[in-house]
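# Summary of the model geometry
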Amino acid sequence: MALLRLHLHLSLPRPPLPARPHCAPPSPLSTSPWLWRSRLPAASSRRLLCSTHPASPLDASTAAPPSIVAGFLDYLNESWTHFHATAEAKRQLLDAGFKLLSESDDWDLQPGGRYFFTRNMSCLVAFAIGEKYRVGNGFNIIAAHTDSPCLKLKPRSATFKSGHQMVNVQTYGSGLWHTWFDRDLTLAGRVILKAADGSFKHKLVKLTRPLIRVPTLAIHLNRTVNSDGFKPNLETHLVPLLATKNEEATMNSDDKSSSSTKAAHHPLLLQILSEEIGCESDEIIGMELNVCDIQPSCLGGGNNEFIYSGRLDNLASCYCALRSLIDSSKAAEQLSSEKAIRMVAMFDNEEVGSDSMQGAGAPTMFQAMRRIVDSVMHQSMGEGALERAIHSSFLVSADMAHALHPNYPDKHEECHRPELQKGLVIKHNANQRYATSAVTAFLFKEIARIHNLPVQEFVVRNDMGCGSTIGPILASGVGIRTVDCGIPQLSMHSIREMCGKEDVDTTYRHFKAFFEMFSDIDRKLNVDF
């Protein structure tokens, strides 16, 4: 998983249009002539964007604060699934010196220490303990989610239609499913392998070439599609095509009726997976695979000011939270005066309600908080130590926000219209679809005011329904003060979304400042007195 990190100067002048624009150079490792890999030769001196023009060097005297956008693009291109997003976060934490814990082991935690654990390899909790942490001091937490709407393989994915090998999929979350048609798609996720000694292994896999596709019906066979709308049947029309050769005749009746992996999935698919993993097809005894778009995440727009990518909701929040925790605790002196515990929680299954072992509906965060307090304080906890810590804690629920769409401005409430490149959005809802209150909004905005960071606010129209986040789930489940916020974006839940690169950097700086100074700001305001 190790990456060759590339330096990028992100303040780009408007470039002249290239004669033959292209998104990326060909990769010698790919069977596709254009497939871009995030790992590039060490000789490269800059990141390759959707432009052939190099970045201009910055004048040191006028240099802007360091940008995390280059690292974010790397993270996106590694994180095709929630499993890969968690694994890449794990790698970065280990590289930064965080210690990996197991929920099954005893924890021996020390003030000034940095730790993390994963659950299901799709949920992660990381934390840094202030050296001046005392009984009853709180947790300053940023929480996000690793999952995004996608298509997932069904347990028995092999099916045949009119002599074509098709792959059965099920929809996950509320995706804009029409955007998945006519895209170059592939598969990624995890597999369970059986070793020769009878043991089992959990392994992540990513097929990097175009493998499957959901073709649309030609307009000549559907003349009213533009007037009546594109209304596919998600069970019969949203079925990816794998190959034309029909293997049905080669499968005997025993194979078809058995519950083995061989019977459940096309032999061709198992062969491709085994070649990628480096094992025999018979060693694959289980799999959980997502359908993925192979187009890489990149910068775009006339000024290279936008990020084009899948899974921005909500990997943008995950990465900003992760980097802010790492960068605010990398040196010992950064925790030397900290009285609280800084934490990042990345949950799975937010897009389908969070009710899972690895979702925000599980007591994962509460259990972690209790174990941390127990371990750090040992026998000197005193009465109600955990309850007092929770009362002093603060949660930033980070999930992407709806930016004003220039073609649909009437979809936003007139006085609350967040825009791209204008900063983090604080979300409000009187019916508690978001957990923000006047107090939590003020505290979070005060950090922005001190650091001169832009902040926007969002309220949904009264004649429209309002989405929700993990904020209300954690606020009510743990009893923690919460503010809901997010980076503004367009095309939410499309296979290809977009946001502003400046908003990513602004959010990172806001989150980092939250970790560094919230404890001092919080003690200046007393509500329950």
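Up top is the structure these notes are about.
Let me begin by describing the structure that accompanies this report. If you're wondering where the values come from, they're calculated on a predicted model, not measured in any experiment. (Residues numbered from 1 in each chain as written. Predicted model: local features only at pLDDT ≥ 70, side-chain atom pairs only at ≥ 80, totals over all residues. Heavy atoms only, no water.)

## So, the pairing of strand E6 (residues 164-172)
Where strand E5 (residues 150-161) lies against E6, eight bridges are found, and the strand directions are antiparallel. Following the sheet pairing, Leu151 is matched in E6 by Thr171. Hairpin connection of E5 to E6: two residues between the antiparallel strands, including Ser162 at a positive phi of 50°. (Pairing = 2+ DSSP bridges. Helix = DSSP H or I, 4+ residues; strand = E, 2+ residues; numbered from the N terminus.)

## A few points about empty space enclosed by the protein
What the rule picks out here adds up to three cavities of 30 Å³ or more. One number sums up the size of the largest cavity: a volume of about 220 Å³. Lining the largest cavity are 22 residues, and of these Ser148, Pro149, Cys150, Trp180 and Arg311 lie nearest its centre. Mapped by element, the contributors of at least two residues to the lining of the largest cavity are E5 and strand E10 (284-293). The dominant element in the lining of the largest cavity, judged by the number of residues it contributes, is E10, at four residues. (1 Å grid on protein atoms, 1.4 Å probe; cavity = no way out; pocket = protein on both sides within 12 Å on 5 of 7 lines; lining within 4 Å. Points joined across faces, edges and corners; volume = space filled by probe spheres on them.)

## Some words on the pairing of E5
As paired strands, E5 and E10 are joined by two bridges and run antiparallel to one another. Within E10, the residue paired with Lys152 across the bridge is Asn290.

## Structural notes on the sheet that holds E6
On the basis of which strands lie adjacent, the open sheet formed by six strands has the order E8-E7-E10-E5-E6-E9 and antiparallel pairing. Pairing within the sheet leaves two strands with one partner each, and these edge strands are strand E8 (200-206) and strand E9 (241-243). Put simply, the sheet's adjacent strands are angled 30° from each other on average, direction ignored. Across the sheet, helix H2 (residues 82-95) is in contact with E5, strand E7 (185-194), E8 and E10; its angle to E8 comes to roughly 100°. (Axes fitted to C-alpha atoms, helices over the stretch in contact; angles between N-to-C directions. Contact = heavy atoms within 4.5 Å.)

## Looking at the sheet that holds strand E4 (residues 139-145)
The nine strands lie next to each other as E1-E2-E3-E13-E4-E14-E18-E16-E17, forming an open sheet whose pairing is mixed. Two strands close off the open sheet at either side, each with one partner strand: strand E1 (99-100) and strand E17 (455-459). Across the sheet, H2 touches E1, strand E2 (114-119), strand E3 (123-129) and strand E13 (341-347), and the angle it forms with E3 is around 20°. Strands in contact with helix H8 (residues 364-377) are E2, E3, E4 and E13; relative to E13, the strand with the most contacts, it is inclined by about 150°.

## Some remarks on the packing of aromatic side chains
In the structure shown here, the tally under the stated rule is 13 aromatic pairs. Where Trp177 meets Trp180, the ring centres are 6.2 Å apart and the plane angle is 45°; that geometry is what we call tilted. For the pair Trp177 and Trp180, one class covers both residues: buried. Pairwise contacts between aromatic rings join Phe394, Phe444, Phe514, Phe515 and Phe518 into one cluster. (Phe/Tyr/Trp six-rings, centres within 6.5 Å; stacked < 30°, edge-to-face > 60°. Buried < 20%, exposed > 50% of the residue type's maximum accessible area, 1.4 Å probe, protein only.)

## Some thoughts on a nonpolar patch on the surface
Taken together, Ile192, Phe200 and Ile285 make up a surface patch of nonpolar side chains, about 270 Å² in accessible area. Structurally, Ile192 is set in strand E7. The partly exposed category is assigned to Ile192, whose relative accessible area is 31%. (Patch = residues over 30% accessible without salt bridge, like charges linked within 9 Å, V, L, I, M, F, W, Y side chains within 5 Å. Areas by Shrake-Rupley, 256 points an atom, 1.4 Å probe, with all protein chains shown as cover. Salt bridge = Lys/Arg side-chain N within 4 Å of Asp/Glu carboxyl O.)

## Topic: the layout of surface pockets
Space inside the largest pocket adds up to approximately 770 Å³. Forming the walls of the largest pocket are 34 residues, and the residues nearest its centre are His402, Tyr434, Phe458, Gly467 and Met492. Of the residues that constitute the lining of the largest pocket, the class distribution is 13 nonpolar, 13 polar and eight charged. (Nonpolar A, V, L, I, M, F, W, Y, C, P; charged D, E, K, R; others polar.)

## Let's talk about the side chain of Arg190
Mapped onto the secondary structure, Arg190 falls in strand E7. Arg190 gets classed as buried once you look at its relative accessible area, which sits at 14%. A distance of 3.3 Å separates polar atoms of two side chains, one belonging to Arg190 and the other to His202. Among residues more than four places away in sequence, those in contact with Arg190 are Phe83, Asn120, His202, Lys203, Leu204, Val205, Gly286, Met287, Glu288 and Leu289. (Polar contact = N/O pair within 3.5 Å; in protein donor to acceptor, adjacent residues only side chain to side chain.)

## Some words on the nonpolar core
Within the largest apolar cluster, 55 residues are counted, with the highest numbers of intra-cluster contacts made by Ile307, Val396, Val504 and Phe511. Looking at this core element by element, the count peaks at 10 residues for helix H7 (residues 312-327). Not counting chain neighbours up to four residues away, the residues in contact with Phe511 comprise Ile142, Ser317, Cys320, Ala321, Ser324, Val396, Ala398, Leu424, Phe444 and Cys485. Membership of the second largest hydrophobic core comes to 34 residues, among which are Leu109, Ile372, Leu474 and Val478. (Core = buried A, V, L, I, M, F, W, Y, C linked by side-chain atoms within 4.5 Å.)

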